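Architecture and fold: a report
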Amino acid sequence: MHVIRDNISLDGGVEPVEVDVNRFDTYRAHVVEDGRRAVETLCAEVGDRHVAVVTDQTVDTLSPTRELAKALDERGLIIGWYAIEPGEGSKSLGTASRLIDWLAGIELARRDAVVSIGGGVVMDTVGYVASVFMRGVPYINVPTTLLGQVDAGIGGKVSVDHCTGKNLVGAFWQPRAVVSNMEFLSSLDRRQIRAGMAEVVKKAVIASPCLFEYIECNAAQLLEGVPSAMHPLVRAATRIKSSLIARDPYERDLRRPLNFGHTVGHAVETATGYGPVLHGEAVSFGMAVAVRIALARDLITAADAERIIGLLRALELPVTPAELAVEPDPDRVLACVDTVRRVRDGSLRFVLPLELGATAIVDDVSDGEIRAALTGSPVGRPE
Ligand SMILES: NC(=O)c1ccc[n+]([C@@H]2O[C@H](COP(=O)([O-])OP(=O)(O)OC[C@H]3O[C@@H](n4cnc5c(N)ncnc54)[C@H](O)[C@@H]3O)[C@@H](O)[C@H]2O)c1
Ligand SMILES: [Zn+2]
């Protein structure tokens, strides 16, 4: 028998009652090199919970997915399996609503878990559904894209898109565990790998000179998605993201080094209508713009600026407008940046690199500086 007894007094006070509901979430993000270890790790994290698995129709057919399905099935743990259509269009309230109907239909209980196997689209949608279904059920991420493994799978920012804005409907709801299996990366197309690499370069520039050097030395193998080369990279990126979000899990502070490349990157995505330019490509271009602004302000040495731009080039990522799939109109990019500035009370926090492993967050970057850096001559290459 477990007795709980309380005796809260009538204190007669008038001051407000402090409601302290700080939530402390701790979970493990595993980075494993092959399917066998992925199975062991996922099964250990699932334990004896029943699971509802959500994936997309492309990922559903991949052999590392089938291996996980077989293992969970043999243990009798699967209560349902759902494959959504691949693509950003699925990250919607419509899909979320269908998933909620389905979870209710298969009677997922609070102590069960949802497992999402897929890229950012699947994980963001499933995470959002897990955050609202029965006021929150556990979920486990199995990211299958590089972007998913180094970024979207960790951090608990979950959302779906709305017709008026990307990621407009969402929550902070942390996964119970993350299992990144390098084998998934070998079936990923090269453009997706490159886009994921942009987010890794971002993390290397802001927080890890040795990761930067590792990418410089192994660029060719990384672009091929070779699992043994990917493992240290994904692990380092996971550690960097985990350490940076631990300082500010609910993003209360707008001065976030993880936003490096994103001010202009988001503007480029908006100005080109979300789609033709992948997020990572836009971020790569955005980082190049930030490097050029930092260089013009003498905040970074020409050598460091060239190293950053040179690495983006080695990874076949865009650093000039002409290298983007759709060349954005500078006026539209500036208009999008301006919208953000207005929303943020007139101040735009811009992350500028100082050297590898150090950034400055400034709020006085002018339109003129941005315009010059958008169209300015690329560092490290003669006019
Ligand atoms: N929550 C976050 O913190 C966060 C961070 C970054 C991005 N995101 C979100 O992530 C989404 C983009 O994620 P993404 O780039 O992973 O895209 P995605 O989920 O759309 O996947 C890209 C494509 O690759 C396919 N695919 C996935 N894994 C594969 C594999 N192993 N082999 C072959 N094909 C595979 C998918 O079916 C899809 O067609 C965006 O919606 C973005 O907003 C979220
Ligand atoms: Zn990003």
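Each chain has its residues counted from 1, running along the sequence as written. Whichever chain is written first becomes A and whichever ligand is written first becomes 1, with later ones labelled in order. Under the rules for a predicted model, residues below a pLDDT of 70 receive no local features and side-chain atom pairs below 80 are neither given nor counted, while totals for whole chains, interfaces and linings still include all residues.

Section: the environment of Val351
Under the convention used in this document: Elements are defined by DSSP. Helices are runs of H or I of four residues or more, strands are runs of E of two residues or more, and each kind is numbered from the N terminus. Counting other C-beta atoms within 10 Å of each residue's C-beta, where C-beta atoms are placed from the backbone, gives the exposure class: buried for 20 or more, exposed for 12 or fewer, partly exposed between. For every residue pair, C-beta atoms are placed from the backbone, and the pair is scored as a contact if these atoms sit within 7 Å.
Tracing the backbone through its elements, the reader meets Val351 in strand 9 (residues 350-355). Note on Val351: 24 C-beta atoms within 10 Å, which makes it buried. Leaving out residues up to four positions away in the same chain, Val351 has contacts with Pro257, Asn259, Phe260, Ala290, Thr359 and Ile361.

A word on the environment of Gly87
With respect to the helices and strands, the residue Gly87 is situated in the loop between strand 3 (78-84) and helix 3 (93-105). A tally of 13 C-beta atoms within 10 Å means that Gly87 is categorised as partly exposed. Taking the C-alpha atoms as reference points, Gly87 and Ala314, 227 residues apart in sequence, are found 28 Å from one another.

Some details on the pairing of strand 3
Keep this limit in mind: Any two strands with at least two DSSP-identified bridges between them are counted as paired. For crossovers, right-handed means that the path from the first strand over the helix to the second runs clockwise, given strands pointing away from the viewer.
Here strand 2 (residues 51-56) runs beside strand 3; their pairing, made up of 6 bridges, is parallel. Across the sheet, Val54 pairs through a bridge with Tyr82, a residue of strand 3. As for the winding sense of the linkage, the β-α-β connection from strand 2 through helix 2 (residues 63-74) to strand 3 is right-handed.

Some points on the domain arrangement of the protein
Selection rule: Those domain boundaries reflect an automatic or database domain assignment. When residue character is reported, Ala, Val, Leu, Ile, Met, Phe, Trp, Tyr, Cys and Pro are called nonpolar, Asp, Glu, Lys and Arg charged, and the others, Gly included, polar.
In terms of domains, the protein is made up of domain 1 (28-187) and domain 2 (190-247 + 255-375). With centres defined by C-alpha atoms, the gap from domain 1 to domain 2 works out at 27 Å. Taken together, the contact between domain 1 and domain 2 spans 17 residues of the former and 21 residues of the latter. Looking at the side of domain 1 that touches domain 2, the elements that each hand over two or more residues are strand 1 (28-32) and helix 5 (146-152). The leading source of residues in the side of domain 1 that touches domain 2 is helix 5, at 5 residues. Residues of the side of domain 1 that touches domain 2, tallied by class, amount to 8 nonpolar, 5 polar and 4 charged.

Some thoughts on helix 7 (residues 209-224)
What counts here: To estimate the expected span of a helix, count its residues, drop one, and scale the result by 1.5 Å. Across the chain, bend at a residue is computed as the angle between axes fitted to the seven residues ending at that point and the seven starting from it.
With 16 residues, helix 7 extends 22 Å from end C-alpha to end C-alpha; this agrees with the ideal 22 Å at 1.5 Å per step. A maximum bend of about 80 degrees is found in helix 7 at Asn218. Listed in full, the buried residues belonging to helix 7 are Leu211, Phe212, Ile215 and Leu222. Those residues of helix 7 that are buried lie in contact with helix 6 (190-207), helix 8 (227-246) and helix 11 (302-314). Following helix 7 by one or two positions, Gly225 has its phi on the positive side, about 70 degrees.

Describing the packing of helix 1 (residues 35-46) against helix 2
Under the convention used in this document: In this analysis an axis means a line fitted to C-alpha atoms, helices contributing only their contacting stretch, and an angle means the value between N-to-C directions, from 0 to 180 degrees. Reported orientations rely on four angle classes, namely roughly parallel under 35 degrees, roughly antiparallel over 145, roughly perpendicular from 65 to 115, and oblique for the rest. Handedness of a helix crossing follows the sense of rotation of the near helix relative to the far helix, less than a right angle counterclockwise being left-handed and clockwise being right-handed.
The contact between helix 1 and helix 2 brings their axes to 10 Å, and the two run at 40 degrees. On the basis of their axis angle, the class for helix 1 and helix 2 is oblique. Relative to helix 2, the crossing made by helix 1 is right-handed. Touching Gly35, Ala38, Val39, Leu42 and Cys43 of helix 1 are Pro64, Glu67, Leu68 and Ala71, all from helix 2.

Things to note about the site of ligand 1
Inclusion rule: Think of it this way: take the backbone, place a C-beta atom on it, and check whether that atom is within 6 Å of the molecule or strand, in which case the residue is near it.
Residues in contact with ligand 1 amount to 28 residues; listed here are only the nearest, Thr58, Pro86, Gly119, Gly120 and Thr145. Secondary-structure elements contributing two or more residues to the shell around ligand 1 are helix 4 (120-132) and helix 5. Of the residues that constitute the shell around ligand 1, the class distribution is 9 nonpolar, 13 polar and 6 charged.

Remarks on unusual backbone geometry
It is generally the case that most residues other than glycine have a negative phi and that most peptide bonds are trans. Here the phi dihedral of Met134 falls at roughly 50 degrees; this positive angle occurs in a residue that is not glycine. Within the element layout of this structure, Met134 appears in the loop between helix 4 and strand 5 (139-143). The phi torsion at Arg135 lies on the positive side, around 60 degrees, for a residue other than glycine. Mapped onto the secondary structure, Arg135 falls in the loop between helix 4 and strand 5.

Considerations on the environment of Met123
With respect to the helices and strands, Met123 occurs in helix 4. Sequence spacing of Met123 and Tyr139 is 16 residues, and the spatial spacing of their C-alpha atoms is 9.4 Å. Met123 has contacts with Ser116, Gly118, Asn141, Pro143, Gly148, Ala152 and Gly153, leaving out every residue within four places of it along the chain.

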